[in-house]
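Structural features, examined
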Amino acid sequence: MAADTSVDILQKVLENEILQTTKVVEEHLDAEIQKLDQMDEDELERLKQRRLEALKKSQQQKQEWLSKGHGEYREIPSERDFFQEVKESKNVVCHFYRDTTFRCQIMDKHLTVLAKKHIETKFLKLNAEKSPFLCERLRIKVIPTLALIKDGKTQDYIVGFTDLGNTDDFTTETLEWRLGCADVINYSGNLMDPPFQSQKKYGTSFTKVDKKTIRGKIYDSDSDDD
């Protein structure tokens, strides 16, 4: 009997919350409709023009990004190309990879998806073995490493898969969240809620670039040597 009473109370509470939420939404819609009803033809025309201008500006920005190589995940052939690519785009994600490293192929798969979704950011890959100067300058010791670049400056790194749940089976959403934390993409989710299956197990601390101090060699992230 007591259990039935508790269920009834809970049901009434939920129904009341739903009614209150519905009421707020309806009041907001009524206010917007009333605001539109009170506008004269000139005001409506100005509103229409502002929206058209905003849409036009958005389309122009999109075309500019596409003209600079955004919207696709692509490889650049040399270190010289890296500097030019970074110079012309505000947000850049560059994957330093090696052909023989399996985890780089995993990273490729996720970056291909994100490059198409986040055209506001340029997604590149560069063979670490063919770019010794950059690897030394950026202190890249573990492969794969993502250099996260904003306004021409390297702001952050994703070293191996530590920040991605420390598993080869991390999701594209997890990598997207991590890039959002670095503010190199327009992330619409909740940064305080990382999409790990078990936050207690994996944690949410970020790997810093100076964690690896080995000189002269680049190691795979899944190697026992790192």
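None of these values were measured; they are calculated from a predicted model. (Residues numbered from 1 in each chain as written. Predicted model: local features only at pLDDT ≥ 70, side-chain atom pairs only at ≥ 80, totals over all residues. Heavy atoms only, no water.)

Before going further, it helps to spend a moment on the packing of aromatic side chains. Remark: the centre distance and the inter-plane angle together describe each pair of aromatic rings, the angle taken between the planes. Counting across every chain of the model gives 3 aromatic pairs. With centroids separated by 5.5 Å and ring planes inclined at 85 degrees, the aromatic side chains of phenylalanine 82 and phenylalanine 83 adopt a geometry described as edge-to-face. By relative accessible area, phenylalanine 82 is classed as buried at 5%. For phenylalanine 83, a relative accessible area of 36% corresponds to the partly exposed category. When the centroid spacing of 4.8 Å and the interplanar angle of 75 degrees are considered together, the rings of phenylalanine 161 and phenylalanine 170 count as edge-to-face. (Phe/Tyr/Trp six-rings, centres within 6.5 Å; stacked < 30°, edge-to-face > 60°. Buried < 20%, exposed > 50% of the residue type's maximum accessible area, 1.4 Å probe, protein only.)

We now examine the confidence of the model for the protein. Per-residue pLDDT for the protein averages 83, and the proportion of residues at 70 or more is 81%. Under a pLDDT of 50 for its full length, residues 197-216 has, in the predicted model, 31 contacts with residues more than four places off or in other chains. (pLDDT = per-residue confidence, 0-100. Contact = heavy atoms within 4.5 Å.)

Put simply, isoleucine 143 and proline 144 share a cis peptide bond, and its omega is 0 degrees. Topologically, proline 144 is positioned in the loop between strand S4 (142-143) and strand S5 (145-150). Of note, the phi angle at asparagine 166 is positive, near 60 degrees, even though the residue is not glycine. Positive phi, close to 60 degrees, is recorded for aspartate 183, a residue that is not glycine. Within the element layout of this structure, aspartate 183 appears in the loop between helix H6 (172-181) and helix H7 (199-202). (Helix = DSSP H or I, 4+ residues; strand = E, 2+ residues; numbered from the N terminus.)

This brings us to the sheet that holds S5. By definition, the strands of a sheet pair up through backbone hydrogen bonds, in either a parallel or an antiparallel sense. On the basis of which strands lie adjacent, the open sheet formed by 5 strands has the order S1-S3-S2-S5-S6 and mixed pairing. Edge positions in the sheet fall to strand S1 (73-75) and strand S6 (153-159), since each of these pairs with one other strand and no more. Each strand of the sheet is rotated relative to its neighbour by a mean of 25 degrees, with strand direction disregarded. Sheet strands in contact with helix H4 (residues 102-117) are S1, strand S2 (91-97), strand S3 (122-127) and S5, and its direction is about 160 degrees off that of S2. The strands that H6 touches are S2, S3, S5 and S6; relative to S6, the one it contacts most, it runs at about 150 degrees. (Pairing = 2+ DSSP bridges. Axes fitted to C-alpha atoms, helices over the stretch in contact; angles between N-to-C directions.)

Quick look at the pairing of S6 now. Across 6 bridges, the pairing between S5 and S6 is antiparallel. Counterpart to leucine 148 in the pairing with S6 is aspartate 156. Linking S5 back to S6 in an antiparallel pair, the connection comprises 2 residues, with aspartate 151 at a positive phi of about 55 degrees.

Side-chain positions along a regular strand alternate between the two faces of the sheet. Most of S2 sits out of view: 7 of its 7 residues are buried. Every second residue of S2 is oriented toward a common face, with Asn91, Val93, His95 and Tyr97 on one face and Val92, Cys94 and Phe96 on the other, all of them buried. Alignment of S2 against S5, held across 6 bridges, turns out to be antiparallel. Within the sheet, the bridge partner assigned to histidine 95 lies in S5 and is leucine 146. Traced from S2 through H4 to S3, the parallel crossover comes out right-handed. (Right-handed = clockwise from strand over helix to strand, strands pointing away.)

Below, the discussion takes up a negative patch on the surface. On the surface, Asp40, Glu41, Asp42, Glu43 and Glu45 cluster together into a negatively charged patch. Following the sequence through the fold, glutamate 41 ends up in helix H2 (residues 41-67). According to the relative accessible area criterion, glutamate 41 is exposed, its value standing at 71%. (Patch = residues over 30% accessible without salt bridge, like charges linked within 9 Å, V, L, I, M, F, W, Y side chains within 5 Å. Areas by Shrake-Rupley, 256 points an atom, 1.4 Å probe, with all protein chains shown as cover. Salt bridge = Lys/Arg side-chain N within 4 Å of Asp/Glu carboxyl O. Lys, Arg positive; Asp, Glu negative; His and termini not counted. Charge placed at Lys NZ, Arg CZ, Asp CG, Glu CD.)

Turning next to the nonpolar core. In this structure, Phe82, Phe96, Leu126 and Leu138 are the most contacted members of the largest nonpolar core, which totals 21 residues. Where this core is concerned, the elements lending two or more residues are helix H3 (79-87), S2, S3, helix H5 (132-137), S4, S5 and S6. Here this core gets 4 residues from one element, more than from any other, and that element is S2. Those residues in contact with leucine 126, other than ones at most four positions away along the chain, are Ile76, Pro77, Ser78, Phe82, Cys94, His95, Phe96, Tyr97, Ser131 and Leu134. Formed by 19 residues, the second largest nonpolar core is a distinct cluster that contains Tyr73, Leu114, Leu179 and Ala182. (Core = buried A, V, L, I, M, F, W, Y, C linked by side-chain atoms within 4.5 Å.)

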